[in-house]
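Listed here are the chains, written in short residue letters.
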Amino acid sequence: MAQVVLQDVVKNYGALPVVHAINLDIAHGEFVVLVGPSGCGKSTTLRMIAGLEEISGGRVRIGDRVVNDLPPRDRNISMVFQNYALYPHMTVRENLGFSLYIAKRPKAEIERAVDQAAEILSLTPLLDRKPGQLSGGQRQRVAMGRAIVRHPDVFLFDEPLSNLDAKLRTQMRVEIKRLHQKVGTTIIYVTHDQIEAMTLADRIVIMRDGHIVQIGTPLEVFERPVNAFVATFIGSPPMNLLPATVRSGGLRLADGTVIPLPPGLTAREGQAVQFGVRADNIMPEGHSMPPTAHMALVEMPVTLTEPLGTETLLFATLAGTEVQAKMLNPRPVRTGEVLRFGIALDKCHLFDADTGASLRV
Amino acid sequence: MYRMRLPPWLVLLMPAFVILLAVVAIPLVLSLYSSFTAFQLTRPETITRWIGTFNYEKAIGDANFWAAFGRTVLLLTVALNLEMLLGLGLALMVAKVTHGQRLLRTIMMFPMMFSPILVGFQFKFIFNDNVGLLNNALQSLGLTDVAIPWLVDGNLAFIAIVTAEVWTSTSVFAILILAGLFAIPQDPVEAARVDGCTPWQTFRYVTLPFLMPFIYIAMAIRSLDVARAYDIVQVMTAGGPARRTELLWTLIGRTGYVDARMGYANAMGYIAILLSIAFTVHFFRKLSSARTSLGMGD
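Residues numbered from 1 in each chain as written. Chains lettered and ligands numbered in written order. Predicted model: local features only at pLDDT ≥ 70, side-chain atom pairs only at ≥ 80, totals over all residues. Heavy atoms only, no water.

Novice: Tell me about the overall build of chain A, and please be specific about residues and values.
Specialist: Within chain A, the secondary structure is distributed over eight helices and 20 strands. Along the longest, intermediate and shortest principal axes, the C-alpha atoms of chain A span 75 × 45 × 35 Å. Taken over 361 residues, chain A has a buried fraction of 52%. Within the structure as shown, chain A displays about 15700 Å² of accessible surface, and the carbon and sulfur contribution to it stands at 49%. Across chain A, the mean location of the 38 positive side-chain charges is 4 Å away from that of the 37 negative side-chain charges. (Helix = DSSP H or I, 4+ residues; strand = E, 2+ residues; numbered from the N terminus. Buried < 20%, exposed > 50% of the residue type's maximum accessible area, 1.4 Å probe, protein only. Areas by Shrake-Rupley, 256 points an atom, 1.4 Å probe, with all protein chains shown as cover. Lys, Arg positive; Asp, Glu negative; His and termini not counted. Charge placed at Lys NZ, Arg CZ, Asp CG, Glu CD.)

Below is the structure:
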């Protein structure tokens, strides 16, 4: 059993704190994704778990051992690096078997483990090549193979897909998910790409400036973001945020437009807020808006269109702010055309304008 | 009036041709030619006395020549390996230093800033059996009460010469290996640590293979240096006493300029150059195979 527990883990570089006392419980076999903008401390956190960075404070437990003072080799983890980090002077076979060779396992066992890993990742025909003779995707698979031959307690992935092109990234994402289903080992995965986070994770940990902002399943963080940062970070396109003031049970936007207060939200009279609504919940009339009891109607001029095939992304202006809306079953729209949009109020969010905290109860 | 018109490309290349002819081609041909004559510096007319391969046969049959040849190879092997090991150690230590590393790197190169002649004199003094620093130190420490004949005994003199060579040139290895250490990508090193390597195993299986090209470059440069070793040895022992520290070029230099037998000296010189070429080819082969194994270039 290998759960990973972080207790008040701190990282300082000299006087500069980069990770502030974070707490995280990761269950055995769980796939957890640490996500956040660059510089949020996610990679540093991962490297502290790996033992590549010293832990300045707090405790990291893997299984039932506190590993703070253990070197990486005694933590029984394996790691996949952003730049693959293969050993360029070794063949694929030697790369895969290296950790077992170092552990002085018998030759036959190494061979079996390497063959099995190569089989899982379809690397068998490449076993005698050197990393220099492989494509980016193949190198990434070797890096993953090197991680799985050891049957570690925990897999650590440090932005493993960010050097691949978009198509390959999608493909490798599926392979990583399949790998997890096959081997069932605990995975901690770092990325700045929220789509990777959403698609791969059992639970997402959103970090910002060295703090954990929210932990939850992909749907939880998508549907119930704790603050405006999570709301705009998770989901594509990012959630529209409109400055507003609470006035007699409604929301008064910058230009005086009043929208009824969405249900389930609590706000003081006169409170400055940000009204959040995703593009999926603003739709032009007559284009498959799912029926809902709470609907606000607004008229907006369209400034730009992005046809995506099954839907078209409409950029429009509401109360001086640009918002994005989705048009299902699209028809051609001219720039400047004024459309009536429905806003599904029960899917909307409200954040305090100062703290950014969600006002959902 | 007819004027000869040379094509422009030839006119433009002419200065280069002339210089190359004057400084490389003509001396080369002349020295090669003179190695087949009985040319003596004191009797210039002897340059026309063709004696065929006599000089070469004489060199090949000369025990002194082969002793000098063997000693040069030995010096090369011992000095290069010592310099490599010490330079590697030095580079690894300096790479760990975080404060004042620039200063250390500069200090490390000091030995290279002295003329080899002066280094020779300095070590000649250090190893002098009567007034030398080393014997004085050993005697003051009570480790010995005899004057060890450092520059007289053949083996001891060889050690003294190796010491002087190593002192001047270890920094060549140190600097090149340090450059290699800075060029190593950190990812594979970290991967090795995660893969279960001890610091020694990380060095052995990951760091060292990355350093090999740099080591071979240093080897190639230094093998040419040591194969033509002359100055330090000439100053410290002049190949003596009684040829006990004779190297190829001290022998060739003496034959050519002291004994004035330039034809014979040139013949030995050409054989000696084969040695340099052999070492260079060897190290460049090693270099390119080390690079290939790292997937650099072809």
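Novice: Requested: an account of the interface of chain A and chain B, with residues and values cited.
Specialist: Across the contact, 23 residues belong to chain A and 20 residues belong to chain B. Three residues, Arg 73, His 89 and Ile 102 of chain A, lead the burial of chain A against chain B; their summed loss comes to 29% of the area buried on that side. Our count for the contact surface shared by chain A and chain B stands at three salt bridges. The closest approach of N and O atoms between Asp 195 of chain B and Arg 146 of chain A, which form a salt bridge, is 4.0 Å. Summed over the shared surface of chain A and chain B, the number is ten residue pairs in polar contact (both at pLDDT 80 or more). Elements with a minimum of two residues in the side of chain A that touches chain B: strand E6 (77-80) and helix H2 (92-102) of chain A. Broken down by element, the residue count for the side of chain A that touches chain B peaks at four residues, all from H2 of chain A. (Contact = heavy atoms within 4.5 Å. Buried area = accessible area lost by both parts, 1.4 Å probe. Salt bridge = Lys/Arg side-chain N within 4 Å of Asp/Glu carboxyl O. Polar contact = N/O pair within 3.5 Å; in protein donor to acceptor, adjacent residues only side chain to side chain.)

Novice: Could you give an account of the packing of aromatic side chains, with specific residues and numbers?
Specialist: All names here are of chain B. For the coordinates displayed, the defined rule picks out 19 aromatic pairs over all chains. Measuring from ring centre to ring centre gives 5.2 Å for Phe 36 and Tyr 56, while their planes differ by 40°; the resulting arrangement is tilted. One end of the pair, Phe 36, is in the loop between helix H1 (8-34) and helix H2 (54-60); the other, Tyr 56, is in helix H2, and 20 residues separate them in sequence. Taken together, the aromatic side chains of Phe 114, Phe 123, Phe 127, Trp 150 and Trp 167 make up a single cluster linked through ring pairs. (Phe/Tyr/Trp six-rings, centres within 6.5 Å; stacked < 30°, edge-to-face > 60°.)

Novice: Lay out unusual backbone geometry in plain terms, naming residues and giving numbers.
Specialist: Residues and elements named next belong to chain A. Put simply, Ser 236 and Pro 237 share a cis peptide bond, and its omega is 0°. Tracing the backbone through its elements, the reader meets Pro 237 in the loop between helix H8 (228-233) and strand E11 (240-247). In this structure, Asn 76 takes a positive phi of about 50° despite not being glycine. The residue Asn 76 is located in the loop between strand E5 (65-66) and E6 in this model. Accessibility expressed as a relative area gives 27% for Asn 76, which makes it partly exposed. Of note, the phi angle at Asn 329 is positive, near 40°, even though the residue is not glycine. Structurally, Asn 329 is set in the loop between strand E18 (321-328) and strand E19 (338-344).

Novice: Give a description of helix H3 (residues 107-120) of chain A that names residues and reports values.
Specialist: All names here are of chain A. With 14 residues, H3 extends 20 Å between its outermost C-alpha atoms, agreeing within 8% with the 20 Å of an ideal straight helix rising 1.5 Å per residue. Taken as a whole, H3 has its buried residues at Ile 110, Ala 113, Val 114, Ala 117 and Ala 118. The buried residues of H3 all sit within an arc of 130° when viewed along its axis, so they share a single face. Exposed residues on H3 whose side chains face more than 90 degrees from its buried face are Ala 108, Arg 112 and Glu 119. For H3, the elements touching its buried residues are H2 and helix H4 (136-148). Looking one or two residues beyond H3, the residue adopting positive phi is Ser 122, at roughly 50°. (Expected span 1.5 Å × (residues − 1). Arc of directions from axis to C-beta.)

Novice: Would you mind going over the sheet that holds E18 of chain A in detail, with residue names and values included?
Specialist: Residues and elements named next belong to chain A. The five strands are arranged E15-E19-E16-E17-E18 in an open sheet whose pairing can be described as antiparallel. Two strands close off the open sheet at either side, each with one partner strand: strand E15 (282-284) and E18. Going from strand to strand, the sheet's axes swing by 50° on average, the running direction of each strand aside. Pairing between E15 and E19: three bridges, direction antiparallel. Looking across to E19, one finds that Ile 282 is bridged to Ile 343. (Pairing = 2+ DSSP bridges. Axes fitted to C-alpha atoms, helices over the stretch in contact; angles between N-to-C directions.)

Novice: Help me get a handle on the environment of Met 90 of chain A, residues and values and all.
Specialist: Its location among the elements puts Met 90 of chain A in the loop between E6 and H2. Between the C-alpha atom of Met 90 of chain A and that of Thr 245 of chain A, which follows or precedes it by 155 residues, the distance is 64 Å. Leave out the neighbours within four places in its chain, and Met 90 of chain A touches Asn 95, Phe 98, Lys 130 and Pro 131 of chain A together with Tyr 205 of chain B.

Novice: Any details on the domain arrangement of chain A? Residues and values, ideally.
Specialist: A common way to report how large an interface is uses the accessible area buried once the components associate. Residues and elements named next belong to chain A. Here chain A is described as being made up of domain 1 (4-232) and domain 2 (233-352). The C-alpha centroid of domain 2 is placed 38 Å from the C-alpha centroid of domain 1. Residue-level contacts link 17 residues of domain 1 with eleven residues of domain 2. Between domain 1 and domain 2, the buried area comes to about 1300 Å², and carbon and sulfur atoms account for 70% of it. Counting the surface domain 1 buries against domain 2, the share from its top three residues, Gln 194, Phe 222 and Thr 232, is 45%. Linking domain 1 to domain 2 there are zero salt bridges. There are five residue pairs in polar contact (both at pLDDT 80 or more) connecting domain 1 and domain 2. Listing elements by their share of the side of domain 1 that touches domain 2, those giving two or more residues are helix H6 (194-200), helix H7 (218-223) and H8. Per-element accounting of the side of domain 1 that touches domain 2 gives the leading share, five residues, to H8. (Domains from an automatic or database assignment.)

Novice: If you had to explain the side chain of Asn 135 of chain B to someone new, which residues and values would you point to?
Specialist: Residues and elements named next belong to chain B. Along the chain, the position of Asn 135 falls in helix H6 (residues 133-140). Overall, Asn 135 belongs to the buried group, its relative accessible area being 1%. Polar contacts involving the side chain of Asn 135 include one to the main-chain carbonyl oxygen of Asp 129, which spans 3.0 Å. Asn 135 has contacts with Asn 128, Asp 129, Ala 147, Ile 148 and Trp 150, leaving out every residue within four places of it along the chain.

Novice: Residues and numbers for the environment of Thr 163 of chain B, please.
Specialist: All names here are of chain B. Residue placement: Thr 163 occurs in helix H7 (residues 154-183). Overall, Thr 163 belongs to the partly exposed group, its relative accessible area being 31%. Along the primary structure Thr 163 and Phe 123 are separated by 40 residues, whereas in three dimensions their C-alpha atoms are 8.5 Å apart. Residues in contact with Thr 163, not counting those within four places in the same chain, are Phe 123 and Phe 127.

Novice: Requested: an account of a nonpolar patch on the surface, with residues and values cited.
Specialist: Residues Met 4, Leu 6, Trp 9, Val 11, Leu 13, Met 14, Phe 17 and Val 18 of chain B make up a contiguous nonpolar surface patch of roughly 780 Å² in combined accessible area. According to the relative accessible area criterion, Leu 13 of chain B is partly exposed, its value standing at 39%. (Patch = residues over 30% accessible without salt bridge, like charges linked within 9 Å, V, L, I, M, F, W, Y side chains within 5 Å.)

Novice: Help me get a handle on the pattern of salt bridges, residues and values and all.
Specialist: Counted under the stated rule, the structure contains 21 salt bridges over all chains. Glu 53 of chain A is the partner of Lys 11 of chain A in a salt bridge, and the nearest nitrogen-oxygen pair spans 3.6 Å. Taken together, the residues span a long stretch of sequence, with Lys 11 of chain A in strand E1 (residues 4-13) and Glu 53 of chain A in the loop between helix H1 (42-50) and strand E4 (57-62) at a distance of 42 residues. Each member of the pair, Lys 11 of chain A as well as Glu 53 of chain A, is classed as buried. One salt-bridge network, in which partners are shared between bridges, spans Glu 83, Glu 165, Arg 222, Asp 225 and Arg 228 of chain B.

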